[in-house]
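# Chains, contacts and geometry: an overview
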Amino acid sequence: CCTDGLMRSLFNNQLNMVDLNKLNTTHTNIPKIKEGRLSAQFWAAYVPCDTQYKDAVRQTLEQIDVIHRMCHEYPEVFKFAASSQDILDAFEQNKTASLIGVEGGHSIDSSLGTLRTMYQLGVRYLTITHSCNTPWADNWLVDTGSEPEMHGGLSEFGKQVIWEMNRIGMLIDLSHVSEKVMNQVLDISKAPIIFSHSSAYSVCNHKRNVPDDVLMRVKEKRGIVMVNFYNDYVTCSPTANISDVADHFDHIKKVAGSSIIGFGGDYDGVTRVPEGLGDVSKYPDLVAELLRRKWSEDEIRDALGRNLLRVFSEVRDHLNGTKPDDIPIPLKEVQNPCRTDFGYQDKSSSTSYHSLLYHSFKLKLFHVCSCLL
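Treat the numbers as computed from the prediction; the structure is a model and nothing was measured.

## Side note on the side chain of T28
With respect to the element layout, T28 can be found in the loop between α1 (5-11) and α2 (30-36). The exposure class of T28 is buried, given its relative accessible area of 7%.

## Focus: the confidence of the model for the protein chain
Mean pLDDT for the protein chain: 92, with 92% of residues reaching 70 or above. Scored below 50 in pLDDT, residues 349-373 makes 18 contacts in the model with residues more than four places away or belonging to other chains.

## Some words on unusual backbone geometry
Positive phi, close to 60 degrees, is recorded for N94, a residue that is not glycine. Structurally, the position occupied by N94 is in the loop between α4 (84-92) and β4 (96-103). One non-glycine residue, D109, lies in the positive phi region at around 50 degrees. Mapped onto the secondary structure, D109 falls in the loop between β4 and α5 (112-120).

## Comments concerning the pattern of salt bridges
Opposite charge on two side chains permits them to pair, given that their charged atoms come into close proximity. For the structure shown, the criterion picks out 18 salt bridges. A salt bridge links E149 to K180; the nearest nitrogen and oxygen atoms lie 3.2 Å apart. Of this pair, E149 sits in the loop between β5 (123-127) and α6 (156-168) while K180 sits in helix α7 (residues 179-188); the two residues are 31 residues apart in sequence, bridging distant segments of the chain. If you follow the salt bridges from partner to partner, you end up with D247, D250, E289, R292 and R293 in one network.

The rules behind the values
Residues numbered from 1 in each chain as written. Predicted model: local features only at pLDDT ≥ 70, side-chain atom pairs only at ≥ 80, totals over all residues. Heavy atoms only, no water. Helix = DSSP H or I, 4+ residues; strand = E, 2+ residues; numbered from the N terminus. Buried < 20%, exposed > 50% of the residue type's maximum accessible area, 1.4 Å probe, protein only. pLDDT = per-residue confidence, 0-100. Contact = heavy atoms within 4.5 Å. Salt bridge = Lys/Arg side-chain N within 4 Å of Asp/Glu carboxyl O.

Next up, the structure:
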């Protein structure tokens, strides 16, 4: 998993301004991808939590657009992929399969229609929250006490999101969510789930990591935990090394077996990475460390990709012929100055709110979101 958010922060998504063969200020570029022998890559279409209730959907669509444009600009290197077969095809063509994940439920603006549209655009996983609560799910900071619990895990609409993701065949990513959300999703999801970039809580007691009891439930659900390389989640300190990362692989294997393990990385999404894993070119060095620790070639092949291919296929197996869920989130759960109420029948609370705004300012400036002030 790598984030494409740096394309916005460094170049404002002006892909024509940068040569990915020569870009040297990031963990990821084309030479590093080739040296790291990456056969498949999830690009995270990430936008910050500050965009929630504002322009999160627009910004997310722009990040999705960047990923598609990147594949078009470098067709000899990247092949856009939306299925396990696409990944295998890219491998046969000696290209890097490029998949899209949306990192943060705030990106769908509490809309099942937006979720489905992003799937049609090629998004294949959604991280249920980033480091902020949404109107329908609690994030990991709730478990630290630094943010209030809002929903007791998932709200009723949050459960609708999970079921709709099952229905359309989208991977449910539980990195960044609270422990209650982890367990509630494992209770109700009909398909395997993923942690796209989380490590083992017993090795590093950080709330972004996965507790042992949840690891066991992931195994029962036939899901996957893709190990994060961020120092703070590896050693719970600013420094780490390649051996420390391998400790997480060993622990997860010991608790739940090698069938649930993957490589999460989080390159270009974090500020500190372990010594020996400075960029995506270093993946083979981690493989060598696991071999040194007596991992079998089969176990390593599973962790490198076969586990994810299995999960991808099994999520698709849960597709069914039921109709799309078109029941919207209750208006009272998403009411804010930047959201209109068109379509809702009960507008009593929102009408009085907007009426108050109008009579206070005597100006028709409702297109200017007061939440931006």
